[in-house]
Amino acid sequence: EALLQLTREGVLQANMGRGFRVGRLDSTEMRETGAILRALEVLAPETSPDLPGDRLRRLSEIDRVLGQTRADPERIVALEEEWHRTLLQDCPNSRLRDIISTLWQVPRRYMRAYLRDSGRVSLSTQHHSRIVEALRRQDRTTAATRLNQYWERGIEELGSWMER
């Protein structure tokens, strides 16, 4: 059942009579999924209550650790995903949170491959801190704009890497 779920999520490909295999990285899949996640992740904070101070501090702490994490793609990707989960955890729309969580399977694969292949030892956390800064001021419009820009930049960077 778990293998079938991973197939539905696009992580695995089923070959009748031959089993399962990890799907190939595909720039179209990454760009399409990234565009969907960008739209959904921007929508979630717009429908959520203001983040409490402890949540803003947690986002900053995750960001600090992420900025210090070097040469460990698994840890970097886990921290990146934790930052996004923390940002969205108060979204009252549970279906939206579930869809976002499921879709994160795709960028997780691409980010791991990118970090390993490109020789990057860390991810820039500048965009995270700018989003948190706007949220501290309770400026949802700026936070949404910055989150959107963050996703656009990430999609473009991964796409460029894949198309080289």
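Residues numbered from 1 in each chain as written. Predicted model: local features only at pLDDT ≥ 70, side-chain atom pairs only at ≥ 80, totals over all residues. Heavy atoms only, no water.

For the protein, the count of helices and strands is eight helices and two strands. Starting at the N terminus, the α and β elements of the protein follow one another as α-β-β-α-α-α-α-α-α-α. Dimensions of the protein, computed from C-alpha atoms along their principal axes, come out at roughly 55 × 35 × 25 Å. Residues counted as buried form 41% of the 164 residues belonging to the protein. (Helix = DSSP H or I, 4+ residues; strand = E, 2+ residues; numbered from the N terminus. Buried < 20%, exposed > 50% of the residue type's maximum accessible area, 1.4 Å probe, protein only.)

With that settled, consider unusual backbone geometry. Negative phi is the rule for most residues except glycine; trans is the rule for most peptide bonds. One non-glycine residue, alanine 71, lies in positive phi territory at about 55°. Examined against the element boundaries, alanine 71 turns out to sit in the loop between helix 3 (53-68) and helix 4 (73-88). Take alanine 71: its relative accessible area is 56%, and that puts it in the exposed class. With a phi close to 60°, glutamine 138 is a non-glycine residue in the positive phi region.

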